[in-house]
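Notes for the structure review
Okay, here's what each chain looks like letter by letter:
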Amino acid sequence: MTTLRDLPTTSTNPSPKASAAQAIRLVAEREITTRAKTKSFVVSTALLLVVIVAGAIVINFLTGGEDVEKVAVVGQPAAVTDSIVAVGESTGTTIATEPVDTVEQARARVADGDVAAALIPGQSPGSYVILSKNGADPTVEGPIRTAVSQAGLSDALAARGVDAASLPAVEISVTELDPARPDEGERLVIALVGVILLITAIMMGGTMVAVGVVEEKTSRVVELLLATIKPLHLLWGKIIGIGTVALAQVVLLGATALIAGTATGILTLPGAAVGMFAAVIAWFVLGFLFFASLYAATGAIVSRQEELSSASFPLTVLAMAVMYAGIFGAQALDSTLITTLSWIPPFSAALMPMRIASGDADALQIVLTFLIMAVVCALATWVAARIYQRSILRTGSRIGWREVLKLAR
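Residues numbered from 1 in each chain as written. Predicted model: local features only at pLDDT ≥ 70, side-chain atom pairs only at ≥ 80, totals over all residues. Heavy atoms only, no water.

Turning to the overall build of the chain, a few remarks are in order. Scanning the chain for helices and strands turns up 15 helices and four strands. Considering the chain as a whole, with its 409 residues, one finds that 40% of them fall into the buried category. Partitioning the intrachain contacts of the chain with sequence separation of at least 6 by distance along the chain shows that 74% fall at a separation of at least 24. For the chain, the exposed surface amounts to about 21700 Å²; the carbon and sulfur share of it is 64%. (Helix = DSSP H or I, 4+ residues; strand = E, 2+ residues; numbered from the N terminus. Buried < 20%, exposed > 50% of the residue type's maximum accessible area, 1.4 Å probe, protein only. Contact = heavy atoms within 4.5 Å. Areas by Shrake-Rupley, 256 points an atom, 1.4 Å probe, with all protein chains shown as cover.)

Put into structure tokens, the structure is as follows:
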């Protein structure tokens, strides 16, 4: 395999320069092998994988399984206990009745927290008492009251010779004005995690791009490389190489999260989850390309590592703004502000996956915002390339932003 060392290192070498595709590939391969093998990258990725799997197990342990509310019952007919279970099921609460022999046993079960409540006979005939430790949960108390009322009504009708079953049933239908989407919650979680991974990749990957540019510039390695590789090819090789590493990390973490979520039952709609994950990846590529190219240009305008932090501060602020827009915008995706920001790059890279997840964006909006983001990314890479080409060999004091804008023209 051809490596960068195989390329001529001085302009006096008569060997021909590498083609554009070969030069970009060689630089990208060097970045991939260098970054992917670093101890910090391997350790951080392994830790994140452990956190994802452990988090899925903990979440499933805390929320997984069907919650069953137990109710102790003293001296009640089977019709009452069956009615408590049926009413609870109709309201979305799973209740299990537990017959006990005496009131004292029911009190002890409630006091120890073994049951959520207990139904015992009252002082007068036809009266009942609901025992609770520190206030009965309405989701439990409601079905008990309804079941007792139904039993009392049936007994009263029977005493008057009326069979409750012969009475006409009252039909009640429910109409939802804004029906909930069964997979919306899962989609939003995946989109939100994608936003966090995007910002993490931007902060880490973008910084790696900038640091790599500065290292080559300060060590004068770039002068040797540019003897055989055009600046634009070197720039693209670095962005593609580091971007591949960042994307591979996101795919690995995302796939692990999907597998762990499906295995633990947190994600019940894997088809919807996979589709949403694909949308997150598409927007991730555009978002990373936008920031990585600008980080590379930032690295080219400085000559020392100490200057990089202040030079990249505007990009850091913009990346944090994108992250906060995605996190806080999840609470109001249909608001005017979030809808407007979702059309503006780079905010659209974080907000559009969220709006796709919630169903607030139609197909036309998705396509148009994607095209706008792609055009802005192309413009950002063009500007970054011009700055990079005209600044990478300049040493000395940091180039001011006013001069940087002149270089981009």
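With that settled, the discussion passes to the pattern of salt bridges. Oppositely charged side chains can pair when the atoms bearing their charge come close. The full count for this structure, using the stated rule, is nine salt bridges. Between arginine 30 and glutamate 31 there is a salt bridge, with the nearest N and O atoms lying 3.2 Å from each other. Accessibility expressed as a relative area gives 24% for arginine 30, which makes it partly exposed. Residues lysine 238 and glutamate 216 are paired through a salt bridge, measuring 3.4 Å at the closest nitrogen-oxygen approach. Taken as a pair, lysine 238 in helix H8 (residues 231-264) and glutamate 216 in helix H6 (residues 184-218) lie far apart in primary sequence, 22 residues in all. For the pair lysine 238 and glutamate 216, one class covers both residues: buried. Members of the salt-bridge network, linked through shared partners, are Arg30, Glu31, Glu216 and Lys238. (Salt bridge = Lys/Arg side-chain N within 4 Å of Asp/Glu carboxyl O.)

The next subject is the environment of threonine 94. Along the polypeptide, threonine 94 turns up in strand S2 (residues 94-100). Residue class for threonine 94 comes out partly exposed when judged on its relative accessible area of 28%. For the pair threonine 94 and lysine 70, spaced 24 residues apart in sequence, the C-alpha separation works out to 8.7 Å.

With that settled, the discussion passes to the packing of H8 against helix H14 (residues 363-391). Between H8 and H14, the least distance of the axes is 9 Å, while the angle of their chain directions is 125°. Classified by the interaxial angle, the pair formed by H8 and H14 is oblique. The element H8 and its partner H14 pack so that their crossing is right-handed. Each of Pro231, Leu232, Leu234, Leu235 and Trp236 in H8 lies in contact with H14, whose residues at this interface are Thr381, Ala384, Ala385, Tyr388 and Gln389. Counted by class, the contact of H8 with H14 contains eight nonpolar, two polar and no charged residues. (Axes fitted to C-alpha atoms, helices over the stretch in contact; angles between N-to-C directions. Parallel < 35°, antiparallel > 145°, perpendicular 65-115°, else oblique. Left-handed = near helix turned anticlockwise from the far one by under 90°. Nonpolar A, V, L, I, M, F, W, Y, C, P; charged D, E, K, R; others polar.)

Of the residues examined, glutamate 216 reaches a relative accessible area of 8% and is grouped as buried. If we ignore the near neighbours within four places in the chain, the residues touching glutamate 216 are Arg30, Glu31, Val221, Val222, Leu225, Leu234 and Lys238.

Turning our attention to the UniProt feature "transmembrane region" (unreviewed entry) in the chain. Feature annotation in UniProt places "transmembrane region" (unreviewed entry) on residues 40-62, 188-214, 235-260, 272-296, 317-344 and 364-385, given in this structure's numbering. Within residues 317-344, the helical portion is 68% and the strand portion 0%, while the C-alpha atoms at the span's ends are 16 Å from each other. Overall, residues 364-385 shows 100% helix and 0% strand. The separation of its end C-alpha atoms is 31 Å. (UniProt positions renumbered as here; feature names shortened; annotations may be inferred.)

Okay, the packing of aromatic side chains next. Within the structure shown, the criterion is met by four aromatic pairs. Ring geometry for tryptophan 283 versus phenylalanine 370: centroids 5.2 Å apart, planes at 85°, classification edge-to-face. Taken as a pair, tryptophan 283 in helix H9 (residues 270-300) and phenylalanine 370 in helix H14 lie far apart in primary sequence, 87 residues in all. With a relative accessible area of 2%, tryptophan 283 lands in the buried category. (Phe/Tyr/Trp six-rings, centres within 6.5 Å; stacked < 30°, edge-to-face > 60°.)

Right, let's get into unusual backbone geometry. Looking along the chain, the bond that leaves proline 345 and enters proline 346 is cis, with omega of 0°. Relative to the assigned elements, proline 346 resides in the loop between helix H12 (336-341) and helix H13 (347-358).

In space, the four strands of this open sheet follow the order S2-S1-S3-S4, with mixed pairing throughout. Because the sheet does not close on itself, it has two edges, and the strands there are S2 and strand S4 (128-131). Sheet twist, expressed as the mean angle between neighbouring strand axes with direction ignored, is 25°. Along the sheet, helix H3 (residues 78-90) contacts strand S1 (68-74), S2 and strand S3 (117-121); its crossing angle with S2, the most-contacted strand, is approximately 165°. Contacts from helix H4 (residues 103-111) reach S1, S2, S3 and S4 within the one sheet, and its direction differs from that of S3 by about 160°. (Pairing = 2+ DSSP bridges.)

All right, on to the pairing of S3 then. Burial analysis of S3 places four of its five residues in the buried class, the great majority of the element. Where S1 lies against S3, three bridges are found, and the strand directions are parallel. Bridged to valine 71 within S3 is alanine 117. Where S3 meets S4, four bridges bridge the pair, whose relative direction is antiparallel. When the sheet's bridge partners are listed, isoleucine 120 is paired in S4 with valine 129.

Our next topic: a nonpolar patch on the surface. On the surface, a nonpolar cluster with roughly 370 Å² of combined accessible area is contributed by Leu364, Val367, Leu368 and Leu371. Its location among the elements puts valine 367 in helix H14. (Patch = residues over 30% accessible without salt bridge, like charges linked within 9 Å, V, L, I, M, F, W, Y side chains within 5 Å.)

Tracing the backbone through its elements, the reader meets threonine 256 in helix H8. A distance of 2.7 Å separates a polar atom in the side chain of threonine 256 from the backbone oxygen of leucine 252. Not counting chain neighbours up to four residues away, the residues in contact with threonine 256 comprise Leu49, Ile52 and Val53. (Polar contact = N/O pair within 3.5 Å; in protein donor to acceptor, adjacent residues only side chain to side chain.)

With that settled, the discussion passes to helix H11 (residues 313-329). Given a rise of 1.5 Å per residue, 17 residues ought to cover 24 Å, and the 23 Å separating the end C-alpha atoms of H11 matches this to within 8%. Among all positions of H11, only Leu315, Ala319, Val322, Met323, Ala325, Gly326 and Gly329 are buried. All buried residues of H11 lie within an arc of 155° about the axis, which places them on one face of the element. Opposite the buried face of H11, at more than 90 degrees from it, the exposed residues are Phe313 and Phe328. (Expected span 1.5 Å × (residues − 1). Arc of directions from axis to C-beta.)

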